Amino acid sequence: MAQEQIDSVLVLDCGLVMTKALLFDRMGGEYRFVTSGEAPTTLAPPDSDVTTGIYRAVERISGVTGRTFFDGDGDLISPQVSDTQGVDALTLTVSAADRLQLALSGLVPDLSLSSARRAAAGTYSEVRAVLGGEAVGISDEERVRVIRATRPDVVLVTGGIDGGARRPVLDGAKAATLACAMMDSEDRPTIVYAGNSQLRREITHIVGDEAELRVVDNVRPKLEDERIWGAQQELQSLFRHRKLDRVPGVGAPTRWSSVPVTATAHAFALVVQYLWHLGDPSKGILGIDLGGGSTTVAAVFDGQLYLTIDGGFGVASGGTRLLRSDGLDTLTRWIPSAVTRDEVEALLLNKRIHPASIPQVDADLWVEQALACEAVRRTVDLARPGWKRKATGQTRGLTPLCDTILLTGAALTRAPRPGQAALLILNAVQPIGVSTLVLDRHGLAPALGSVAALKPLVTVEALDAGGFTNLAIIVAPIGGEVQGGTVLRVDVLYENGRSLEVQVEHGDLEVLPLPLGEEAVLELHPSKGVDVGLGGPGRGGKRRVSGGLVGLIVDARGRPLVPVDSAEGQHKNMQEWLYRVGG
């Protein structure tokens, strides 16, 4: 159907835990989000077919609108026949596919292997083995054994700047090729070469006909130059063909879709990129999608999109593995009361078995939000070194200045109190300067990214109509961190003529009134050496801001945020912080 003939669009999003359907329609001459429905994803037996969950999610829309979307044979009615029958177009996003299994071969942990990890994180993947770095001295026999034992879909071979290291890079390719030669043809992984570009001819000769070889740009052509785009694109292509297209039952909704099926994270990233163009181009934007089985961070700085997915860490997965590898304190530092390891393990196990469950008591909620905080924090930490931003002095190693931080995912959008979601992000992302937390309460972002490929005007007008909700305005000064000393004076000038002046000391976490729908002018007066993102240490200024569900949060706890040594002290901190933000 031609774009100009599309009035209604049904968007389907098949997640690992839940399947969502969203309806957009032209109303009063403009596109609007109408309603949504969701149901558990039906990947597991007895259904083993995602279409069952799709039908159930769409039924909920039918119950609200009275519209019929499918005929008696279960096929989509398209184009729309009447106001109560059919839809003009459909798009589909999926994150319920199996993860692409990877083995990484590289040399230096902080160089080629670090870049390889970020390249792998550009799609839904799981790193099963790392052949390099700490293990660089292992024998070729051991490399072959590891590859055969882990049975990856892809071996990503990296290492050496252009014109740099040769022998260890070639050894990695030889080991991968030998492992492939010892495996059945249908089990052989694809070898993706993203190392020293001057070795491409030799790599091609080594691999020969033993495995499928794909050659892309070097992920680290120079010591200080990371270029992972080519590797990410190749891995995304392999994910689509090896995993996305093989989701049980995806064939029917793929036929219904008016555009190619999109991975949910990639659709989400498109909306984040669009929002950057609407904001302050001198600052960046973050988008965080916290799912049951994965965590996605999409960032845009200077117009460049950076996508990072932790495909094995979400609200319903990864917690037990984290507890085993990093210990109980990793989670309990974000919990306001004492809990035992057995209690945490039981709660994490229950969440993994029943991922769609809703916390019924405070203890369940605190553990779930602590896991959510760690999932976001770790994904941001993985992504941050790859963001190309000039960082000097006080901002080095911190999250760069962001105009907007977009939040989606039930753990954030359906938190019992908005302040809980705000504190979770403050602890995990630790933004600096002045930024706005924006809540995607209806889970529109991936859907709008998907429909943009079909009818961009739907995305533009749905957002203009208020598809997202401000959660809070954040002011986070850095520097001048002397305990008890004043770091900032905040003057708030309200639209009705009222004003408010607050002196902020280091360590404070304050919430000032600025309700949703109201605007105000902030006058920030930082102390000497304190940076609020308005031109450097000691420089203040004015900003017009719009209120949010929580209000205006001044976070002067310092960056990076350092938990106290004792568990009891950290619990008290969390209790105080939650109280401050209304959590």
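Everything quoted here is computed from the prediction, not taken from an experiment.

Conventions and cut-offs
- Residues numbered from 1 in each chain as written.
- Predicted model: local features only at pLDDT ≥ 70, side-chain atom pairs only at ≥ 80, totals over all residues.
- Heavy atoms only, no water.
- Helix = DSSP H or I, 4+ residues; strand = E, 2+ residues; numbered from the N terminus.
- Expected span 1.5 Å × (residues − 1).
- Buried < 20%, exposed > 50% of the residue type's maximum accessible area, 1.4 Å probe, protein only.
- Contact = heavy atoms within 4.5 Å.
- Salt bridge = Lys/Arg side-chain N within 4 Å of Asp/Glu carboxyl O.
- 1 Å grid on protein atoms, 1.4 Å probe; cavity = no way out; pocket = protein on both sides within 12 Å on 5 of 7 lines; lining within 4 Å.
- Points joined across faces, edges and corners; volume = space filled by probe spheres on them.
- Nonpolar A, V, L, I, M, F, W, Y, C, P; charged D, E, K, R; others polar.
- Phe/Tyr/Trp six-rings, centres within 6.5 Å; stacked < 30°, edge-to-face > 60°.
- Lys NZ or Arg CZ within 6 Å of the ring centre and 35° of its normal.
- Core = buried A, V, L, I, M, F, W, Y, C linked by side-chain atoms within 4.5 Å.
- Axes fitted to C-alpha atoms, helices over the stretch in contact; angles between N-to-C directions.
- Left-handed = near helix turned anticlockwise from the far one by under 90°.

A. Structural context of helix α4 (residues 167-181). Between its terminal C-alpha atoms α4 stretches 21 Å, which fits the 21 Å expected from 15 residues at 1.5 Å a residue. Among the residues making up α4, those that are buried are V169, L170, G172, A173, A175, A176, T177, A179 and C180. Tucked inside the fold, the buried residues of α4 contact β5 (100-105), α3 (140-150), β7 (154-157), β8 (190-193) and α5 (200-207).

B. Region of interest: the pattern of salt bridges. Considering all chains together, one arrives at 36 salt bridges under this definition. Residue R118 pairs with E226 through a salt bridge whose shortest N-O separation is 2.8 Å. In this pair, R118 sits in helix α2 (residues 112-120) while E226 sits in the loop between β9 (213-215) and α6 (229-242), placing the two residues 108 residues apart along the sequence. For the salt bridge of R242 with E212, the shortest nitrogen-to-oxygen distance reads 3.8 Å.

C. Geometry of empty space enclosed by the protein. Throughout the structure, instances matching the rule amount to one cavity of 30 Å³ or more. A volume near 110 Å³ is recorded for the largest cavity. Lining the largest cavity are W334, W366, Q369, A370, C373, Q420, L423, L424, N427, M574 and L578. Where the lining of the largest cavity is concerned, the elements lending two or more residues are α12 (362-383), α14 (418-429) and α17 (567-580). Split into classes, the residues belonging to the lining of the largest cavity amount to eight nonpolar, three polar and no charged.

D. Seen up close, the packing of aromatic side chains. Applying the stated criterion across every chain yields a total of six aromatic pairs. On the numbers, 5.3 Å between centres and 50° between planes, the contact of F301 with W387 is tilted. Separated by 86 residues along the polypeptide, F301 in strand β12 (residues 295-301) and W387 in the loop between α12 and β14 (402-408) bring together distant segments of the chain. For the pair F301 and W387, one class covers both residues: buried. Put simply, the rings of Y55, F70 and W256 touch in pairs and so form one group of aromatic residues. Over the aromatic face of W577 sits the side chain of R557, whose NZ or CZ is 4.4 Å from the ring centroid.

E. Highlighting the nonpolar core. With 79 residues, the main nonpolar core has L10, F24 and F468 as its most contacted residues. Considering every element that reaches this core, the biggest residue donor is helix α8 (residues 264-278), with seven residues. Every residue in contact with L10, bar those within four places of it in the chain, is listed here: A21, L22, V58, I61, F69, V87, A89, L90 and T91. The next biggest cluster of nonpolar side chains, apart from the first, holds 58 residues, and it includes V315, W334, A472 and V550.

F. Focus on the packing of helix α15 (residues 444-452) against helix α16 (residues 456-464). Between α15 and α16, the shortest axis-to-axis distance is 6 Å and the interhelical angle comes to 145°. For the crossing formed where α15 meets α16, the hand is left-handed. Every residue of α16 that contacts α15 at L448, V451 and A452 is listed here: P456, V458, T459, A462 and L463. Of the residues belonging to the contact of α15 with α16, the class tally is seven nonpolar, one polar and no charged.

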